[in-house]
Amino acid sequence: MSLLRVLGRPMLASMFLAGGLDSLRHPQTVAGVAEPVVRPVTDRVPLLPDSTEDCVRLNGAVQVVGGLLLATGRLSRPAALAVAVTLIPTTLAAHRFWAEEDPDQRVQQRIHFLKNLSMLGGLLIAADDTGSAPSLLWRGRHAAHDLRRDARLVRRSVRAGAAPATMTGWVRAKLSC
């Protein structure tokens, strides 16, 4: 693993560890802000808890576990994707700059919104990062390519060996008559 990955993953995960722990410990502090985003989602997804505080705790738990996995490099691709999924409702609930009346607050919320958007981009890159190992798709494509190449070589060698064998059979048939 490269030094950039070793340093970058914990740096990216740090915000989710801190924010997730805060959501787990004190969900009531963000439950009011999260309500407009949580309610429509829980109405559509029956697996989620009905209580906004429980949804905030669940979101925080996913961020903590995903952040730990991302920071340690264990299952970092699925962890980055899971944390990215939790970042979307968090951003939409906490940084609604378009709904702010105060111009100073609007600027601050837009900055936080864009910060979260850039973290989302980093998480998507981390979710796609194979750590210098070829992906399953790449390995599958190259295995298929290698099989096609091997099949062509076998076909050529069979054809090359078949012509002399045919000639030998024809000569034997002529000589035995």
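Look above for the structure.
What comes next is a walk through the structure. Predicted, not measured: the structure shown is a model, and the values here were computed from it.

## Focus: the overall build of the protein chain
No. 1: When helices and strands are counted, the protein chain shows 6 helices and 0 strands.
No. 2: Ordered by position in the sequence, the α and β elements of the protein chain form the string α-α-α-α-α-α.
No. 3: With respect to the principal axes defined by its C-alpha atoms, the protein chain has extents near 105 × 40 × 30 Å.
No. 4: For the protein chain, the residues scored as buried account for 24% of the 177 residues in total.
No. 5: Counting contacts in the protein chain only where the partners sit at least 6 residues apart, residues at least 24 apart contribute 63% of the total.
No. 6: Summing over all exposed atoms, the protein chain offers an accessible surface of approximately 12,000 Å²; the carbon and sulfur share of this is 66%.

## Points about a nonpolar patch on the surface
No. 1: The grouping of Leu-3, Val-6, Leu-7 and Met-11 at the surface amounts to a nonpolar patch, some 430 Å² of accessible area in total.
No. 2: With respect to the helices and strands, the residue Leu-3 is situated in helix H1 (residues 3–25).
No. 3: Taking the relative accessible area as the measure of exposure, Leu-3 reaches 63% and is therefore exposed.

## Some details on helix H2 (residues 28–44)
No. 1: Taking 1.5 Å of rise per residue, 17 residues should cover 24 Å, and H2 covers 23 Å from first to last C-alpha, within 8% of that figure.
No. 2: Its axis deflected by about 65 degrees at Ala-34, H2 carries its strongest bend there, up to four residues before the proline Pro-36.
No. 3: For H2, the elements touching its buried residues are helix H3 (52–72) and helix H4 (76–94).

## Quick word on a positive patch on the surface
No. 1: A cluster of like positive charges, contributed by Arg-148, Arg-152, Arg-155, Arg-156 and Arg-159, occupies part of the molecular surface.
No. 2: Note on placement: Arg-156 falls in helix H6 (residues 136–176).

## Observations regarding the pattern of salt bridges
Pairs can form between side chains of opposite charge once their charged atoms are near each other.
No. 1: Evaluated as defined, the whole model comprises 6 salt bridges.
No. 2: Put simply, Asp-129 and Arg-9 hold a salt bridge, and the shortest N to O gap is 3.0 Å. In this pair, Asp-129 sits in the loop between helix H5 (103–128) and H6 while Arg-9 sits in helix H1, placing the two residues 120 residues apart along the sequence. Assigned by exposure class, Asp-129 and Arg-9 land together as buried.
No. 3: One salt bridge in this structure joins Asp-150 and Arg-149, with 3.7 Å as the shortest N-O distance.
No. 4: On the basis of relative accessibility, which here comes to 37%, the residue Asp-150 falls in the partly exposed class.
No. 5: Residues joined in a network through salt bridges with shared partners are Arg-5, Arg-9 and Asp-129.

## Brief notes about the packing of aromatic side chains
Geometrically, a pair of aromatic rings is defined through the distance of the ring centres and the angle of the planes.
No. 1: Inspection of the entire model under this criterion finds 3 aromatic pairs.
No. 2: Relative to Trp-98, the ring of Phe-97 lies with its centre 5.2 Å away and its plane at 75 degrees, an arrangement referred to as edge-to-face.
No. 3: Accessibility expressed as a relative area gives 44% for Trp-98, which makes it partly exposed.
No. 4: Pairing Trp-98 with Phe-113 gives two aromatic rings, centres 5.8 Å apart and planes at 90 degrees, and the pair type is edge-to-face. Taken together, the positions of Trp-98 in the loop between H4 and H5 and Phe-113 in helix H5 put the pair 15 residues apart, joining distant regions of the chain.
No. 5: Taking relative accessible area as the criterion, Phe-113 reaches 17% and is therefore assigned buried.

About the thresholds
- Residues numbered from 1 in each chain as written.
- Predicted model: local features only at pLDDT ≥ 70, side-chain atom pairs only at ≥ 80, totals over all residues.
- Heavy atoms only, no water.
- Helix = DSSP H or I, 4+ residues; strand = E, 2+ residues; numbered from the N terminus.
- Buried < 20%, exposed > 50% of the residue type's maximum accessible area, 1.4 Å probe, protein only.
- Contact = heavy atoms within 4.5 Å.
- Areas by Shrake-Rupley, 256 points an atom, 1.4 Å probe, with all protein chains shown as cover.
- Patch = residues over 30% accessible without salt bridge, like charges linked within 9 Å, V, L, I, M, F, W, Y side chains within 5 Å.
- Salt bridge = Lys/Arg side-chain N within 4 Å of Asp/Glu carboxyl O.
- Expected span 1.5 Å × (residues − 1).
- Bend = angle between axes of the 7 residues up to and from the residue.
- Lys, Arg positive; Asp, Glu negative; His and termini not counted.
- Charge placed at Lys NZ, Arg CZ, Asp CG, Glu CD.
- Phe/Tyr/Trp six-rings, centres within 6.5 Å; stacked < 30°, edge-to-face > 60°.

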